[in-house]
Amino acid sequence: MMDKELEKLSRLTAPAADAEARARALAAAMQAFDSAENNAAAAQGNAKGWRPSSIINWIWSPAMNKKFLAGSALATLLVIPAAGYLTIELTRNGSPIVDQTEIASHLVQNNMPKPAEPVTAAPQLSEAPTEESRPAQPSAVSGAQALQDKELQTAKPAAERPSEFDAGEIVALKNKSEDSAAALEMAKRVAPAAPGMAAQGQLLVEPMGAVAPSPVPPADGRVQIQLDPSRERFANAAANPIKSVATDPVSTFSADVDSASYSFVRRSLTGGAMPDPQSVRVEEMINYFPYDWPLPNNADQPFKATVTVMPTPWNHDTQLMHVAIKGYDIAPATAPHANLVFLIDVSGSMDEPDKLPLLKSAFRLLVNRLKADDTVSIVTYAGNAGTVLEPTRVAEKSKILSAIDRLEAGGSTGGAEGIEAAYDLAKQAFVKDGVNRVMLATDGDFNVGPSSDEDLKHIIEEKRKDGIFLTVLGFGRGNLNDSLMQTLAQNGNGSAAYIDTLAEAQKTLVEEARSTLFPIAKDVKFQVEFNPERIAEYRLIGYETRALNREDFNNDRVDAGDIGSGHSVTAIYEITPKGSPAVMNDDLRYGAASKVPADKAPAEAAGSGHQGELAFVKMRFKRPGEEKSALITTPVGAGNAVATIDAAPQDVRFSVAVAAFGQKLSRIAAVDAYSYQAIADLAAASRGTDPFGYRSDFLGLVRLAGSLSQR
């Protein structure tokens, strides 16, 4: 019954609502609600103005509204300590890039020493880039990382890489890591700075993963890179032959004040090896030492000749004619102002302890020697040239020394461009009536641009016309290009020295600074004419690379050597008197000697004016800034002769000992029978005053050569 009633009601239509009744009902309902809640003043919610909720919701809601910021901060606090701890552990335990166990096993297979322990790469310091260069850092790091990844791929475990390691592979891996470091450093530089210059700024620690060098065997198993002596080039020629006065009475040669050969010989002997005979230039060994030859009276005649004739210590049937000159010595107070340009090789080949580091120390010594009004500029060259320091007065010494200290090595060697830049800078700061000189410091290993001796010779010949002199300083060994150094010095109105130690730098650039820097004569030439009635034969000892044609003596366009303030130059001839059993050449059947009438004595035949003369010495020179040469002559007669070697002046005897030593090292047959001990005895007896110990050191070299020659 109830169901039917409900079904009936569901079919009925609800009456329409009365609007007025509806409004009354709604008002009554709201009034009742407000009365019950006592909340008539509030439009919604409670009277306190907030929605009722639990304490948990009150705390959690603000936290959730800031959940992303809080989450990031929390993650950072957790991750950074964890990453730092992991890095420390990896560093402490030495996480290798290349499996060193694998390397060790392969070293054993290749009969190479096994590394004692893993080598851990230490983080390197580099200089911070400037603000302008910072955008380039990400690409630099990624580039370095790519190089590192490539390196890692080459170091897979043995299971994945079947080929064996050998010494070449280890060196290659080391070179790769060095290249990666170079790439990172170069990308951080602001702009192409001068070659060899380190960027200025604060030091920055590189990320440890940026450049990780491959491990190499430690000292007890290190792969040694042996220097190849055959890479060194020396300027030398065949020894001077014995010449007959009857057919060739005149000897002509250029002055030589270089000393590079002696330093090279010393380096070889102290290194436990006899020097290469091609590296020995006897005249440079003789002229290495200071001598107390008589000085000219004034600067109008920059030097005068002193001639001594004596018996030959290694051949009793010949004599020695010793010709010595000493240049006028400029007083320090009257020395002219100097405009110096340091042209410094900063190529990769200079990255050795006895090259760029020694070079920097040497130039620091020189700067400390200069006067406050002198000017110094610095040009460097590697693949290209750059000006490191514009002309700067030595009064700003700290600025100059700072520029020297920042030099770094790297890159190929393009010397020609550097030479051009240095001469341009010297010309820009040219000092009239002063000394304008380019000082080239290099190992001579030019391999970019014009690099042949002949090409560079032409460049130097053009540049010397501007009145700028050249000094060439050689450094290092293994790839020393002495031949190029000699070419540049001889054709650039200059001199050459080899710096093998800081003591040699002190001698060349400090003790002999006036001789090195201040020229008193240029294009100095010697010509000696022998009297055929008194002398049968002669041999010039040394000066093979300085020989000139007879007609070159009077030709002022022919370049020759230069002499600096106080410089000494010595030339020694071994001469054979007429009628001596040591004569090597027969008389000419149809020569001038056969035409002398039998009833005339040799003195009459020689002419009444020159009866007692043995020879006639002539010298030509140009004063700095002049192009016309002047002539000095000295006849040699009986008054120049002494009866025994012991009667000769002390300095003469010592220089003869040096000449004998140089010939012995050059393997000249004339001194084969003259022992090293005899040379040492002669030198010891004539050592004399030796304030700097040079002559004592020479005695040590003679004894050392005697020992090495017996091996």
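Residues numbered from 1 in each chain as written. Predicted model: local features only at pLDDT ≥ 70, side-chain atom pairs only at ≥ 80, totals over all residues. Heavy atoms only, no water.

### Focus on helix H14 (residues 482-491)
Burial analysis of H14 places 10 of its 10 residues in the buried class, which makes it a mostly covered element. Among the residues of H14, Asp482, Ser483, Leu484, Met485, Gln486, Thr487, Leu488, Ala489, Gln490 and Asn491 are the ones counted as buried. Positioned one or two residues after H14, Asn493 has a phi angle of 50 degrees, which is positive. (Buried < 20%, exposed > 50% of the residue type's maximum accessible area, 1.4 Å probe, protein only. Helix = DSSP H or I, 4+ residues; strand = E, 2+ residues; numbered from the N terminus.)

### Here we look at the sheet that holds strand E11 (residues 469-475)
Strand order in this open sheet of six strands is E9-E8-E7-E10-E11-E12, and the pairing throughout is mixed. At either end of the open sheet lies a strand with only one pairing partner, and these are strand E9 (385-393) and strand E12 (494-499). Strand-to-strand, the axes of this sheet are offset by a mean angle of 15 degrees, without reference to chain direction. As paired strands, E11 and E12 are joined by six bridges and run parallel to one another. (Pairing = 2+ DSSP bridges. Axes fitted to C-alpha atoms, helices over the stretch in contact; angles between N-to-C directions.)

### Quick word on the pattern of salt bridges
Where side chains of opposite charge bring their charged atoms close, a pairing between them can arise. Under the definition given, this model contains 22 salt bridges. Between Asp651 and Arg695 there is a salt bridge; the shortest N-O distance is 3.0 Å. Of this pair, Asp651 sits in helix H18 (residues 650-665) while Arg695 sits in helix H20 (residues 694-708), placing them 44 residues apart in sequence. Looking at Asp651, the relative accessible area reads 13%, which means it is buried. For Arg695, a relative accessible area of 4% translates into the label buried. Taken together, the salt bridges that share partners define one network made up of Lys522, Asp523, Lys622 and Glu627. (Salt bridge = Lys/Arg side-chain N within 4 Å of Asp/Glu carboxyl O.)

### Structural notes on unusual backbone geometry
Non-glycine residue Asn493 carries a positive phi angle of around 50 degrees. If you trace the backbone, Asn493 turns up in the loop between H14 and E12. Taking the relative accessible area as the measure of exposure, Asn493 reaches 7% and is therefore buried. Look at Asp523: it is not a glycine, yet its phi comes out positive at around 50 degrees. With respect to the helices and strands, Asp523 occurs in strand E13 (residues 519-530).

### With respect to the nonpolar core
When a protein is soluble and globular, its nonpolar side chains tend to lie buried together. By size, the foremost hydrophobic cluster in this structure holds 71 residues, and its most contacted members are Met321, Phe342, Phe363 and Phe530. Ranked by the residues each element gives to this core, the list is headed by helix H10 (residues 356-369), at seven residues. The residues contacting Phe342, other than those within four sequence positions of it, are Phe363, Leu366, Val367, Val376, Ser377, Ile378, Val379, Ile404 and Met439. The next biggest cluster of nonpolar side chains, apart from the first, holds 43 residues, and it includes Met310, Ala324, Ala683 and Ala705. (Core = buried A, V, L, I, M, F, W, Y, C linked by side-chain atoms within 4.5 Å. Contact = heavy atoms within 4.5 Å.)

### Brief notes about the side chain of Arg653
For Arg653, the position within the fold is in helix H18. We note that Arg653 is buried and unpaired, the nearest opposite charge coming from Asp646 at a distance of 4.9 Å. (Lys, Arg positive; Asp, Glu negative; His and termini not counted.)

### Digging into the packing of H10 against helix H15 (residues 502-511)
One way to put it is that H10 packs onto H15 with a least axis distance of 9 Å and a crossing angle of 35 degrees. Viewed along their axes, H10 and H15 form a crossing whose handedness is right-handed. Along the contact surface, H10 presents Leu358, Ser361, Ala362, Leu365, Leu366 and Arg369, while H15 presents Leu502, Ala505, Gln506, Leu509 and Val510. Partitioned by chemical class, the residues of the contact of H10 with H15 number eight nonpolar, two polar and one charged. (Left-handed = near helix turned anticlockwise from the far one by under 90°. Nonpolar A, V, L, I, M, F, W, Y, C, P; charged D, E, K, R; others polar.)

### A word on the side chain of Glu544
Checked against the element boundaries, Glu544 lands in the loop between strand E14 (535-541) and strand E15 (561-564). The side chain of Glu544 sits in the buried core without any salt bridge; Arg539 is the nearest counter-charge, 6.5 Å away. If we ignore the near neighbours within four places in the chain, the residues touching Glu544 are Ala237, Ala238, Ala239, Asn240 and Glu283.

### Quick word on the packing of aromatic side chains
Applying the stated criterion to the full structure yields 22 aromatic pairs. Chaining the aromatic ring pairs together yields one cluster made of Tyr262, Tyr288, Phe289, Phe654, Phe661, Tyr676, Phe692, Tyr694 and Phe698. Sitting over the face of the ring of Tyr288, Lys507 holds its NZ or CZ atom 3.9 Å from the ring centroid. In this structure, Lys507 is placed above the aromatic ring of Tyr694, and the distance from its NZ or CZ to the ring centre is 5.5 Å. (Phe/Tyr/Trp six-rings, centres within 6.5 Å; stacked < 30°, edge-to-face > 60°. Lys NZ or Arg CZ within 6 Å of the ring centre and 35° of its normal.)

### Examining the environment of Asn240
Relative to the helices and strands, Asn240 is located in the loop between strand E2 (203-205) and strand E3 (243-244). Note: C-alpha distance between Asn240 and Ala547 (307 residues apart in sequence) is 9.5 Å. Filtering out sequence-adjacent residues up to four positions away, Asn240 remains in contact with Arg539, Leu540, Gly542, Tyr543 and Glu544. Reaching out from Asn240, the side chain makes a polar contact with the backbone oxygen of Leu540 at a distance of 2.9 Å. (Polar contact = N/O pair within 3.5 Å; in protein donor to acceptor, adjacent residues only side chain to side chain.)

### With respect to the confidence of the model for the protein
Overall, the prediction assigns the protein a mean pLDDT of 76, with 66% of residues at 70 or greater. The low-confidence segment residues 598-608, where pLDDT is below 50, has five contacts with residues more than four positions distant or belonging to other chains. (pLDDT = per-residue confidence, 0-100.)

### Re the sheet that holds strand E6 (residues 315-326)
With antiparallel pairing, the five strands of this open sheet are ordered in space as E3-E14-E16-E6-E5. Every other strand in the sheet has two partners, leaving E3 and strand E5 (305-312) as the edge strands with one partner each. Looking at chain direction, E6 and strand E16 (residues 568-577) are connected through eight bridges and run antiparallel. By the bridge assignment for E16, Met321 is matched with Tyr573. Relative to E6, H18 is tilted by about 115 degrees, and along the sheet it contacts E5, E6, E14 and E16.

### Observations regarding the environment of Ala673
Along the polypeptide, Ala673 turns up in the loop between H18 and helix H19 (676-685). Since its relative accessible area comes to 83%, Ala673 is described here as exposed. For Ala673 and Asn315, which are 358 residues apart along the polypeptide, the C-alpha to C-alpha distance reads 9.2 Å.

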